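Next come the chains, spelled out residue by residue.
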Amino acid sequence: MKLTPTETIWMDGEFIPWDQAQIHVLTPSLHYGWGVYEGIRAYPTADGPAVFRLREHLQRLHDSARVYLMDPGWSVDELAEASLELLRRTGLESGYLRPIAYLGYGAMGVAPQLDNARVVIATWPWGSYLGEKAEREGCRLVVSSWQRNGIHSVPPLAKATGAYVNSALAKVEAVRSGYDDALMLTPAGHVAEASAANIFAVRDRMLITPPVSDNILPGITRDTVMTLARDLGYEVNEQSLTRSELYVADEAFLTGTAAEIVPVASVDDRAVAAGGCGPVTKQLREAFQGVVHGRNPDYRGWLDYA
Ligand code: PMP
């Protein structure tokens, strides 16, 4: 997806012009993938732009940093304030926010100098992640030939830059084969997640999503959907799923900050029973849109207004 530049980027405590937000080619994180980041969305509301679950995302950034032995040097509150000020300065009504903590220039080697963290927050407009057609008719998934990163290799619960070569290999393979996204499995053959989104199956009006122990990134949209679904009276279970359970599901959908909630039309060319967007997926999508746009007072605590 093409980037649309905005006015300014927050870099180590200062707002600088978009084009000047540059780093040295020998920045260690570029070479070794040792960095952590987040993807956050801001939505237009009747009271101006609001960031959805900003603190939870920034807490996950801190958690990811802990896994990688980094200290971002800025607290969750400081990064939240910087994010909101960035939105105000760019004048965006809605958009995607990308905080990243990486290791700055100064040393090289596979054991990087860990006390040299730098932090940047950028924002830009970002539309539908899987495209309008997938939103409307559902996305087509294919089980990847690549396994999802595992607990013995690259910790899946940390959102690390280097970890995304795994997602990217799977996504590129899926797209080159004519699908919208990859479905990645664990070494045991359990469903983990799509390349950058969690997955839910619906069977007999019960929701099932893989547990954290099945090598997922614990998604904040996943948590949002579990909360909304339970509040709407659905039973939600975190339990292992096999690919064939998805083949026979009534409905399935993906969740993620970029993707939001996208219906799954097929898995490995087996059409999901509901076809397109099923009734439970539709209800959750509507509930989600109400919440992120500030129309549901019960969940206003999830919004930080710029
Ligand atoms: N899994 C992976 C691998 C992801 O990159 C993402 C996107 N951050 C998700 C799941 C969904 O997480 P979230 O809902 O917090 O965006």
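Here, every reference points to the structure presented above.
Residues numbered from 1 in each chain as written. Predicted model: local features only at pLDDT ≥ 70, side-chain atom pairs only at ≥ 80, totals over all residues. Heavy atoms only, no water.

Draft legend 1. Summary view of the overall build of the protein. Check the secondary structure of the protein and you find eight helices and 17 strands. For 306 residues, the compact-globule estimate of 2.2 N^0.38 gives 19 Å, and the C-alpha radius of gyration of the protein, at 19 Å, lies within 12% of that figure. With the C-alpha coordinates of the protein rotated into their principal frame, the extents come out at 55 × 45 × 30 Å. Looking at the 306 residues of the protein, the share that counts as buried comes to 52%. Taking all contacts inside the protein whose residues are at least 6 apart in sequence as the whole, residues at least 24 apart take part in 69%. Accessible surface, the protein as shown: approximately 13600 Å² in total, 52% of it carbon and sulfur. Side-chain charges in the protein split into 27 positive and 37 negative, and the spacing between the mean points of these groups amounts to 4 Å. (Helix = DSSP H or I, 4+ residues; strand = E, 2+ residues; numbered from the N terminus. Rg over C-alpha atoms; globule rule 2.2 N^0.38 Å. Buried < 20%, exposed > 50% of the residue type's maximum accessible area, 1.4 Å probe, protein only. Contact = heavy atoms within 4.5 Å. Areas by Shrake-Rupley, 256 points an atom, 1.4 Å probe, with all protein chains shown as cover. Lys, Arg positive; Asp, Glu negative; His and termini not counted. Charge placed at Lys NZ, Arg CZ, Asp CG, Glu CD.)

Draft legend 2. Just the layout of surface pockets, in detail. Estimates place the volume of the largest pocket at around 1100 Å³. For the largest pocket, the lining is made up of 44 residues, of which Tyr37, Tyr96, Arg98, Trp124 and Lys159 are closest to its centre. Taken together, the residues of the lining of the largest pocket break down into 24 nonpolar, 14 polar and six charged. (1 Å grid on protein atoms, 1.4 Å probe; cavity = no way out; pocket = protein on both sides within 12 Å on 5 of 7 lines; lining within 4 Å. Points joined across faces, edges and corners; volume = space filled by probe spheres on them. Nonpolar A, V, L, I, M, F, W, Y, C, P; charged D, E, K, R; others polar.)

Draft legend 3. Looking closely at the site of the ligand. The environment of the ligand is made up of 16 residues, and the closest members are Tyr164, Glu193, Ile220, Thr221 and Thr257. Contact between the ligand and lysine 159: a nitrogen atom at 3.0 Å from a side-chain N or O atom of the residue. Within the side chain of threonine 257, a nitrogen or oxygen atom sits 2.6 Å from an oxygen atom of the ligand. Within the complex, the protein chains bury 96% of what would otherwise be the 390 Å² of accessible surface of the ligand. Judged by the proximity of its atoms to the pocket grid, the ligand belongs to the largest pocket. Only helix 2 (54-67), helix 6 (220-231) and strand 14 (251-256) provide two or more residues apiece to the shell around the ligand. Classifying every residue of the shell around the ligand gives five nonpolar, eight polar and three charged. (Near = heavy atom within 4 Å. Polar contact = N/O pair within 3.5 Å; in protein donor to acceptor, adjacent residues only side chain to side chain. Sits in = over half its atoms within 2 Å of the grid points.)

Draft legend 4. How the structure looks around the packing of aromatic side chains. With the rule as written, the count across this model stands at eleven aromatic pairs. Both rings, one in phenylalanine 52 and one in phenylalanine 288, keep their centres 5.8 Å apart while their planes meet at 80 degrees; by these two values the pair is edge-to-face. Placement of phenylalanine 52 in strand 5 (residues 50-52) and of phenylalanine 288 in helix 8 (residues 279-292) is noted, with a sequence separation of 236 residues between them. Each member of the pair phenylalanine 52 and phenylalanine 288 is classed as buried. Arranged with centres 4.3 Å apart and planes meeting at 80 degrees, the rings of tyrosine 96 and tryptophan 126 form a pair that is edge-to-face. On the criterion of sequence distance, the pair formed by tyrosine 96 in strand 6 (residues 95-103) and tryptophan 126 in the loop between strand 7 (117-124) and helix 4 (132-137) is long-range, its members being 30 residues apart. With relative accessibility at 5%, the residue tyrosine 96 sits in the buried group. An aromatic cluster is built from Phe52, Phe288, Tyr299 and Trp302, whose rings are joined through pairwise contacts. Sitting over the face of the ring of phenylalanine 15, arginine 89 holds its NZ or CZ atom 4.1 Å from the ring centroid. The ring centre of tyrosine 247 lies 4.4 Å from the NZ or CZ of arginine 270, which sits over that ring. (Phe/Tyr/Trp six-rings, centres within 6.5 Å; stacked < 30°, edge-to-face > 60°. Lys NZ or Arg CZ within 6 Å of the ring centre and 35° of its normal.)

Draft legend 5. Geometry of the pairing of strand 1 (residues 8-11). By the alternation rule, side chains of strand 1 split into Thr8 and Trp10 and Ile9 and Met11, which are all buried. Summarising the sheet, strand 1 and strand 2 (residues 14-17) pair through four bridges and their orientation is antiparallel. Among the inter-strand pairings, tryptophan 10 is bridged to a residue of strand 2, identified as phenylalanine 15. The antiparallel pairing of strand 1 with strand 2 creates a hairpin that spans two residues between the two strands, and aspartate 12 there sits at a positive phi of about 50 degrees. Looking at chain direction, strand 1 and strand 7 are connected through two bridges and run antiparallel. Each residue of the ladder has a partner; that of tryptophan 10, found in strand 7, is isoleucine 121. (Pairing = 2+ DSSP bridges.)

Draft legend 6. Quick look at the pattern of salt bridges. Under the defined criterion, the tally for this structure stands at 17 salt bridges. Among the salt bridges present, the one from arginine 88 reaches glutamate 85, with a minimum N-O distance of 3.0 Å. Within this pair, arginine 88 and its partner glutamate 85 are both found in helix 3 (residues 76-90), separated by three residues, close to a single helical turn. Several salt bridges share partner residues, and in doing so they unite Glu81, Glu85, Arg88 and Arg89 into one network. (Salt bridge = Lys/Arg side-chain N within 4 Å of Asp/Glu carboxyl O.)

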